[in-house]
Amino acid sequence: MINMLRVLFFLIFVYMTYTVIATSIESNLFAEWSKLAAIPWMTATLIDFYANMVIVALWMFYKERTWALRVVWLVLFVGLGSIATSAYVLIQLFRVSAGDHLEKVILNRS
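Rules used throughout
Residues numbered from 1 in each chain as written. Predicted model: local features only at pLDDT ≥ 70, side-chain atom pairs only at ≥ 80, totals over all residues. Heavy atoms only, no water. Helix = DSSP H or I, 4+ residues; strand = E, 2+ residues; numbered from the N terminus. Expected span 1.5 Å × (residues − 1). Contact = heavy atoms within 4.5 Å. Buried < 20%, exposed > 50% of the residue type's maximum accessible area, 1.4 Å probe, protein only. Lys, Arg positive; Asp, Glu negative; His and termini not counted. Salt bridge = Lys/Arg side-chain N within 4 Å of Asp/Glu carboxyl O. Polar contact = N/O pair within 3.5 Å; in protein donor to acceptor, adjacent residues only side chain to side chain.

## Section: helix α1 (residues 2-26)
Phase 1 of the analysis: Here α1 contains 25 residues, and its C-alpha end-to-end distance of 36 Å stays within 8% of the 36 Å for a straight helix at 1.5 Å per residue.
Phase 2 of the analysis: For α1, the elements touching its buried residues are α5 (82-94) and α6 (102-107).

The following block contains the structure:
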């Protein structure tokens with residue numbers, strides 16, 4: 001199970017990194033913002049993203065023992081979204097053995 005999750009989160013990391021870079025080359029978010037902000041689904045998507053970010057951040061705050069790491073990861077989560085989140089989960093998955101139970105990834109503190 002751990003190895004399958006490592007592959008899955010690696011693929012998410014690669015795909016999201018590619019998507020963000022390709023989209024950034026094609027379109028400037030800051031130049032497009034006024035048009036995007038006028039779309040109700042864009043607002044709903046941002047609210048949804050940040051609601052999920054609170055859940056992930058609470059888990060990360062539990063896992064990380066120092067405030068410095070908590071702040072760094074929080075900034076990365078907010079700034080990079082799924083790229084940082086998938087990287088964080090990957091790091092957690094590589095901190096355990098492939099034969100360990102998923103509970104160890106979720107519950108063990110760093």
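## Quick notes on the side chain of glutamate 64
Phase 1 of the analysis: With respect to the element layout, glutamate 64 can be found in the loop between α3 (40-63) and α4 (67-80).
Phase 2 of the analysis: No salt bridge is formed by the buried glutamate 64, whose closest oppositely charged neighbour, arginine 95, lies at an N-O distance of 4.1 Å.
Phase 3 of the analysis: Separated by 2.9 Å, the side chains of glutamate 64 and tyrosine 88 make a polar contact.
Phase 4 of the analysis: When residues no more than four places from it in sequence are discounted, the contact partners of glutamate 64 are Leu69, Arg70, Trp73, Tyr88, Gln92, Arg95, Arg109 and Ser110.

## Observations concerning the pattern of salt bridges
Phase 1 of the analysis: Scanning the entire structure with this criterion turns up two salt bridges.
Phase 2 of the analysis: Notably, a salt bridge pairs glutamate 32 with lysine 35, separated by 3.1 Å at the nearest N-O pair. Residue glutamate 32 and its partner lysine 35 are located together in helix α2 (residues 29-37), separated by three residues, close to a single helical turn.
Phase 3 of the analysis: Judged by its relative accessible area of 27%, glutamate 32 is partly exposed.
Phase 4 of the analysis: Between aspartate 100 and lysine 104 there is a salt bridge, with the nearest N and O atoms lying 3.4 Å from each other.
Phase 5 of the analysis: Owing to a relative accessible area of 22%, aspartate 100 belongs among the partly exposed residues under this scheme.

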